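# Report on the structure
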Amino acid sequence: MIDGHVHLENGPLTKEYVMQFVETAQKAGIDCLHILDHTHRFCEFAPLYEDLRKDNQSQRDWFAKKLKEPLANYHRLIAEMKQTELPIEVKFGLEVCYVPKQEAFLKNILCQYPYDFLIGSIHSIDGKLYDMPSFSKEILWDILDTDAIYQRYYEIMEDMIESDLFTQIAHPDQLKLFHYEPRYDLKPTYRRIALLAYKHHVSMESNTGIHYRYQHEDLGTNLTFLTILKQAGVNIITASDAHQPAHVGSYIKEMMKVLEELV
């Protein structure tokens, strides 16, 4: 069993904190744990968030509350953990907030360290965060056309996959979290994404965080998208998106069963 997306975001970059995640994973029957953090934690990635900070006060306040420290702190922790004997396989990477036209900037930073994996994720649509319960509806969903939001999101995802910067794509249908649905059929979009993911050897997540963190009825990525990904031969990776040790492995067994039953 793999938990392919677990965050250190709410704690210190220390061996002791990492071990809390590892111990929980072992108890949950996880064989391989992928530990990461968001790029907004690290000073070097601050230019990625300039548009968010310019857009409105809510987003400026959101970014200001995030921990800011040098990326070297994380690299030192990884080196320490690599020298530690662990009861399960543990890999280390980053969740990178992908921003269009920033590929060169990202490549310059990401190539400086041999991460085990790199996850690309989309958390904003042209400078507006779409997944903040406290303010995303008022700055995005209740202002712009839902179809246009979905179309732009998947345009960005295509660019993200084609950048060849990432080994994995995070929560690929997370736009659904507030139950805003497009009027058009998403299956052609899903097929296009699946073909790109297969061509570029990118894994796609089924991330259970949508279920237990946002109380969405889907256990992870929707069944239509998962079926199309599987039929295209794309590797689907289970992920809890745990932001605290207690959530490691959440609904991974259930999601594995779903994937096994897909035609």
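Residues numbered from 1 in each chain as written. Predicted model: local features only at pLDDT ≥ 70, side-chain atom pairs only at ≥ 80, totals over all residues. Heavy atoms only, no water.

## As for the packing of aromatic side chains
Per the stated rule, a full pass over the model turns up 13 aromatic pairs. Each ring, one from phenylalanine 42 and one from tyrosine 74, has its centre 5.7 Å from the other, and the planes form 25°; the classification is stacked. Pair noted here: phenylalanine 42 is in the loop between strand S2 (32–36) and helix H2 (50–55) and tyrosine 74 is in helix H4 (residues 71–82), with a separation of 32 residues, a long-range link. Each member of the pair phenylalanine 42 and tyrosine 74 is classed as buried. (Phe/Tyr/Trp six-rings, centres within 6.5 Å; stacked < 30°, edge-to-face > 60°. Helix = DSSP H or I, 4+ residues; strand = E, 2+ residues; numbered from the N terminus. Buried < 20%, exposed > 50% of the residue type's maximum accessible area, 1.4 Å probe, protein only.)

## Considerations on the sheet that holds strand S4 (residues 117–121)
Pairing within the open sheet is parallel, and its seven strands lie in the order S1-S2-S3-S4-S7-S8-S9. Strands at the two margins of the open sheet, each flanked by one partner only, are strand S1 (2–7) and strand S9 (236–239). Judged from the four bridges that link them, S1 and S2 form a sheet pairing that is parallel. Counterpart to aspartate 3 in the pairing with S2 is leucine 33. (Pairing = 2+ DSSP bridges.)

## Describing the pairing of S4
Side-chain positions along a regular strand alternate between the two faces of the sheet. By the criterion of burial, S4 is predominantly enclosed, with five of the five residues buried. Neither face of S4 is exposed, since Phe117, Ile119 and Ser121 on one face and Leu118 and Gly120 on the opposite face are all buried. In this view, the connection linking strand S3 (residues 89–97) to its parallel neighbour S4 by way of helix H5 (residues 103–110) has right-handed handedness. Relative to strand S7 (residues 168–169), S4 runs parallel, the two sharing two bridges. Counterpart to isoleucine 119 in the pairing with S7 is glutamine 168. (Right-handed = clockwise from strand over helix to strand, strands pointing away.)

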